[in-house]
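Tertiary structure, described
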Amino acid sequence: MKNEETLPQVFEPQTIEEKWYRIWEEGRYFHPDRSPGNDPFCIVIPPPNVTGHLHMGHALNLTLQDVLIRLKRMQGYRTLWLPGTDHAGIATQNVVERMLAGEGLSRHDLGRDRFIGRVWQWKDRYHGRIVTQLKRMGASCDWSRERFTMDEGLSRAVREVFVRLFEDGLIYRDEYIVNWCPRCTTALADIEVDYREVEGQLYFIRYPLTKRPGEYLVVATTRPETMLGDVALAVHPDDERYRLHHGSRVLLPLVGRELPLITDDYVEPGFGTGVLKVTPAHDMSDFELGRKHRLPVIRVINGEGMMSEEAGGYAGLDRYTCRKQVVDALGKQGLLERCEDYNHSVGYCYRCTTAIEPYVSKQWFVRMKELAEPAIHAVEEDRIRFIPERWSRVYFEWMNKIRDWCISRQIWWGHRIPVFYCDACEYCFAAVDEPLVCPRCSGSLRQDEDVLDTWFSSALWPFSTLGWPDDTGDLRTFYPTSVLVTGFDIIFFWVARMIMMGLRFKEDIPFYDVFITPLVRDEKGKKMSKSLGNALDPLDVIEQFGADSLRFALAWLTVQGRDINLSVARIESARNFMNKLWNASRFVLMNTNGLHRTPLEMFQEELELKDRWILSRFERTIGLATDALESYAFGEYVQIVYDFVWGDYCDWFIELAKQDLYRGKDREKERTQNVLVHVLERVLRLLHPVAPFITEEIWQQMVGENQDKLIVVSWPEPDPRWCADEIEEVMTRVQDMIREIRFLRAELSISPAETCRVHIHFSDFGLRALSDTFFPYLALLAKCEILKQDQAIDKAGMATGRVPGADIFLEIGDLIEVDEEVRRLEKKCLIHERDLEGLRSRLDNQDFLNRAPDEIVERERKRWETLNGERIRIRKLIEDIRSL
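Here is a short report on the structure shown in this document. (Residues numbered from 1 in each chain as written. Predicted model: local features only at pLDDT ≥ 70, side-chain atom pairs only at ≥ 80, totals over all residues. Heavy atoms only, no water.)

Across its full length, the chain holds 27 helices and 29 strands. Of all 884 residues assigned to the chain, the portion counted as buried reaches 56%. Within the chain, contacts between residues at least 6 apart in sequence are counted, and of these 77% link residues at least 24 apart. Total accessible area on the chain stands at roughly 39,200 Å², and carbon and sulfur atoms take up 46% of it. Computed over 116 positive and 141 negative side-chain charges, the inter-centroid distance for the chain is 2 Å. (Helix = DSSP H or I, 4+ residues; strand = E, 2+ residues; numbered from the N terminus. Buried < 20%, exposed > 50% of the residue type's maximum accessible area, 1.4 Å probe, protein only. Contact = heavy atoms within 4.5 Å. Areas by Shrake-Rupley, 256 points an atom, 1.4 Å probe, with all protein chains shown as cover. Lys, Arg positive; Asp, Glu negative; His and termini not counted. Charge placed at Lys NZ, Arg CZ, Asp CG, Glu CD.)

Now the structure itself:
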């Protein structure tokens, strides 16, 4: 066994992380060919924006993907974690435009080709930044296969999909009202609009009736500036208030245009006055109503959020400035009846947070109903699972109400729509490869100016990244991919669309499982935000605590169906665990120097209770940890391994092993050394997926440089030969006795230097029969002299304790000052009783039980049980002392 140069005394992650990542990458350990198995396991990374910076949501997502990939790699699967980045059309163009503005330029000054050239320069310069950050997290992606949504292969796939959908009649162009961002000057899909409740005003405006002088119909609106584009008023046909006015006409205030009064079931009589102004160019519902009643479309707000020429005297004004002037003018003319404070929902661009504007323009759309139906069935039939399962209901709700997808964007950075127009013969067609002339008349062509929505290329990610439309080896091997790990916020943007496109173009699902990650919040449960100052930067955390500690903390807190409240304290706890593992490994290495490894079977008949116990506990841990990981119970996996390493291995077994290591005979020492190493090696394997750097460093110190790297060593499998339930039960009783003796010593403030005399009376005869084998454990870890009692004992002068199967009597004698100890324990007991009273009051409060999360209620109940148990034990101890 190699450990001539043992681990440094202090664990410093910065000294090992860069080293090991470089070794793994240069050794092609992330490549599927390094995995010995034939069964494939593949994850495609949710591509971060090329403009991106690593945040905690990314860090969580990366951690969980890497845990799964490293697990499957060690289990012998042919694993591929395929990385890549997204061109992020609107976001990237905004960044480059801001950069140009600093030079006093706009994209129009450069022209389309030169501007796109500048974006590519920017991408080439900054692309490495996000990739470097992913590597800092330990992401074991196969970087030789890295893709970019604008690279040639993926661009060809995008054109192929567009042309096929176009030729199948599923892509069409129409003049339609869309969500429009005046800042980005582009259309947005419905799900790209971020709706927020805002405080606004409801304006009640009088529309004079043309045939009834002095009479008005009053309309309530939150956007009076759009009235300049009104083409009608509408009321519900059954609204008795307005039945008299059916067929009437009104005069549009400030403009003087006559408008018809129409009736339609769409109108809500209960909103405002029950009279609706119809502005088809500037309201989604009004647009549909206008089409139904064949009303004209008057655009009074242009694509930059300014009033158009159709707005008459208000042309050229900003939409909000126009609102103020319109309201002032209405007031002066006596046509503004009143204003009321009114909270309502306003849509904002998800990229630049500008208030969106409904806008009528020619756009490209995908008909979604035909694509959605098989995608719905795939989830209904459990061919695709959402984990947690509740997210499937969210998926169904959106898919069953799906609307056509607006895929055109009025920007320059992105996949240009592969549609070509011939002005000579007016032929319009789509083509994968850019044609030289019109195929009908050989006339010159012009290509559509718009680009595709960024999510269009992302929807093809699981198969375009593997080489589609070519029939590649990767595509045959790794499609469908195994699992998608992503956030709930892009179920509609991305997950649903990947399912639809995969079924359409590969005739198969894109992945089997979709694991939806929780939201990472701050320690108080608030959403992390730079503006609030509560965001933790993953790179800062890695600098301070190391990547393993951050990964461990994030996975530890990942419980299905529950958001993560991440605190520095929890990351510190993870770092403390790394230190514990490091120190325990260092202890083992220092005490096994030059050990000749011997199979444990050679010691089968010599194994002591502690040896058989730790081996059995570990086999159980392997099974539980593996089951947890394979069911995506990441937090449970971490907790299981944490409890074993910190509790069973370090706090119990290593402490018990010291007797053999320091005072045992050669054979006893050798046996214990082999058990220590056997378990530690397998612990490192269990921990590697979540803490890859520290485990690889320790592993290499144990096995030497000429052995396999831990990243490709086989995952431990439970060995039933070492499982022994009865041994674990006995050891549990022994631990109970040690804890009880330690409790008595601690509560009586007996100095650790004092050796106590302890009498044990067994009621469990099976336990009594084994007492000679474990009494040395009690003496060592509880620092006491153990006396076995076959008869009832005189309790005078004894502090008593009870555990299942045994009564414990600790001789007090002259070890304490009775009156002082009674006063101290009485004070402690009163504090416990006061805390218990507060907890009981809270647990009896029905309002608390109804409103608090289940985990909080359960935590408080357990706290009450623990405190009450301690109170009972202290009261019993006080009685024992008073009997002296």
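There is more to say after this.
Another aspect to go through is the sheet that holds strand β6 (residues 186-188). Strand order in the open sheet formed by 4 strands is β6-β5-β14-β16, with antiparallel pairing between adjacent strands. Unpaired on one side and paired on the other, β6 and β16 (405-406) mark the two borders of the sheet. (Pairing = 2+ DSSP bridges.)

Turning our attention to the packing of helix α2 (residues 56-74) against helix α16 (residues 547-556). The axes of two packed helices give the description: the angle between them and the distance between them. Interhelical geometry of α2 versus α16 gives an angle of 90 degrees and a closest axis separation of 9 Å. In terms of orientation, α2 lies roughly perpendicular with respect to α16. Across the interface between the two elements, M56, A59, L60, T63, L64, D66, V67 and R70 from α2 touch L550, R551, L554 and A555 from α16. Of the residues contributing to the contact of α2 with α16, the split by class is 8 nonpolar, 1 polar and 3 charged. (Axes fitted to C-alpha atoms, helices over the stretch in contact; angles between N-to-C directions. Parallel < 35°, antiparallel > 145°, perpendicular 65-115°, else oblique. Nonpolar A, V, L, I, M, F, W, Y, C, P; charged D, E, K, R; others polar.)

Let us now look at the pairing of strand β5 (residues 171-181). Regular strands place their side chains on alternate faces of the sheet. Counting buried positions along β5 gives 8 out of 11 residues, so the element sits mostly inside the fold. The sheet contact formed by β5 and strand β14 (residues 357-366) spans 10 bridges and is antiparallel. Following the sheet pairing, R173 is matched in β14 by W364. Note that β5 and β6 share 3 bridges and pair antiparallel. Bridging across to β6, C181 finds its partner in T186. Remark: 4 residues form the turn of the hairpin made by β5 and β6, two consecutive strands paired antiparallel; T185 in that turn has positive phi of roughly 45 degrees.

What follows covers the side chain of H688. In this fold, H688 is placed in the loop between α20 (666-687) and α21 (692-703). Classification of H688 by relative accessible area gives buried; the value is 0%. In terms of polar contacts, H688 uses its side chain to reach the side chain of R70, at 3.0 Å. Apart from the residues within four sequence positions on either side, H688 is in contact with W24, R70, M74, T695, E696, L710 and I711. (Polar contact = N/O pair within 3.5 Å; in protein donor to acceptor, adjacent residues only side chain to side chain.)

Right, let's talk about the sheet that holds strand β15 (residues 385-387) for a bit. Sheets are built from strands paired through backbone hydrogen bonds, the pairs being either parallel or antiparallel. The parallel open sheet is built from 3 strands, whose spatial order is β15-β23-β22. Across the chains shown, the open sheet's two edge strands, defined by having one partner strand only, are β15 and β22 (481-487). For this sheet the average axis-to-axis angle between neighbouring strands, irrespective of direction, equals 20 degrees. Bridge count between β15 and strand β23 (residues 511-517): 3 bridges; the pairing is parallel. Within the sheet, the bridge partner assigned to F386 lies in β23 and is V514. Along the sheet, α2 makes contact with β22 and β23, crossing β22 at roughly 160 degrees. Along the sheet, helix α14 (residues 491-505) makes contact with β15, β22 and β23, crossing β22 at roughly 165 degrees.

The full count for this structure, using the stated rule, is 1 cavity of 30 Å³ or more. Looking at the largest cavity, its volume works out to about 50 Å³. Every residue along the wall of the largest cavity is listed here: G89, I90, E192, Y350, R351, R409, I411, L452, D453 and T454. A class-by-class count of the residues in the lining of the largest cavity yields 4 nonpolar, 2 polar and 4 charged. (1 Å grid on protein atoms, 1.4 Å probe; cavity = no way out; pocket = protein on both sides within 12 Å on 5 of 7 lines; lining within 4 Å. Points joined across faces, edges and corners; volume = space filled by probe spheres on them.)

Here the focus is the nonpolar core. Residues F552, Y649, M737, I760 and F774 are the most contacted members of the largest nonpolar core, which totals 151 residues. Counting residues in hydrophobic clusters, the runner-up holds 67 residues, among them A157, A189, Y395 and F456. (Core = buried A, V, L, I, M, F, W, Y, C linked by side-chain atoms within 4.5 Å.)

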